[in-house]
Amino acid sequence: MSKLTIAPHERGVIRIFSLDMRPEEAKFLREPGAADQVLGVQGLESGQIDVFPVSDLEDLGLFGYLNDGCGVSADQLDHKGLEAIEGWVMVVRSAACGGRAATLTPDKRLRLIGFYTEEATNWTGEPIETESAKPFSAPQTAPQDNKPRRVGSAIVALVVLLAVGGALWLIL
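This report concerns the structure included in the present document. (Residues numbered from 1 in each chain as written. Predicted model: local features only at pLDDT ≥ 70, side-chain atom pairs only at ≥ 80, totals over all residues. Heavy atoms only, no water.)

1. Some thoughts on the environment of A74
By secondary structure assignment, the location of A74 is in the loop between α3 (61-69) and α4 (79-83). Overall, the relative accessible area of 41% leaves A74 in the partly exposed class. Leave out the neighbours within four places in its chain, and A74 touches F63 and N67. (Helix = DSSP H or I, 4+ residues; strand = E, 2+ residues; numbered from the N terminus. Buried < 20%, exposed > 50% of the residue type's maximum accessible area, 1.4 Å probe, protein only. Contact = heavy atoms within 4.5 Å.)

Below, the structure is given as structure tokens:
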């Protein structure tokens, strides 16, 4: 397989590989650093790499995993093609590189199924036109007098005096 380039600060891209190896070898890829070896790059974040048999997804399947679980839009996914995939897969999110550029050189036992992009959040919105959203629209409160209140410290002083007086009365 040819090299795959991950751009610096790439976000929201998911690459899926089919694993052509024994289940024991595939399970081993869950260990920290094992995915680094088969992908040919060091320092990947193992929390951003999933290795599992497709059969674990049961009725959800890879289509549901990507669409419902990862936020990939259905128009990017080939439903029939994803249903046909069996065995073990490796899901590598671009966040696995920690925001740095990387060149993946996958082992010959890995076959790229595809790469997909997660739907981004649309942060645009219309201006709020309600009366309460206008500047200085909150009700004005009456000004507070700034005289310090010493009620709390007077109570504390009284309690301390009573405690000291009680202790002296018990001693004498």
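Once you've had a look at it, read on.
2. Some details on the sheet that holds strand β6 (residues 110-117)
Pairing is antiparallel across the open sheet formed by four strands, whose spatial order is β3-β4-β2-β6. The sheet is open, and its two edges are formed by β3 (49-53) and β6, each paired on a single side. Here the average twist between neighbouring strands, direction ignored, is 20°. Across five bridges, β3 lies against strand β4 (residues 88-93) in antiparallel orientation. Residue F52 lies in a different strand from β4, and its bridge partner there is V89. (Pairing = 2+ DSSP bridges. Axes fitted to C-alpha atoms, helices over the stretch in contact; angles between N-to-C directions.)

3. Some thoughts on the nonpolar core
Grouped together as the largest cluster of nonpolar side chains are 23 residues, with contacts concentrated most on L19, L29, L39, I49, M90 and L110. Where this core is concerned, the elements lending two or more residues are β1 (4-6), β2 (13-19), α2 (34-39), β3, β4 and β5 (102-104). Once you skip the residues sitting within four places of it in the chain, I49 turns out to touch A35, L44, M90, V91, V92, R93 and A96. Among the nonpolar cores identified, the runner-up in size contains 17 residues, and I16, F52, V89 and Y116 belong to it. (Core = buried A, V, L, I, M, F, W, Y, C linked by side-chain atoms within 4.5 Å.)

Note that every value here comes from positions in space, so none of it alone points to a role or purpose.
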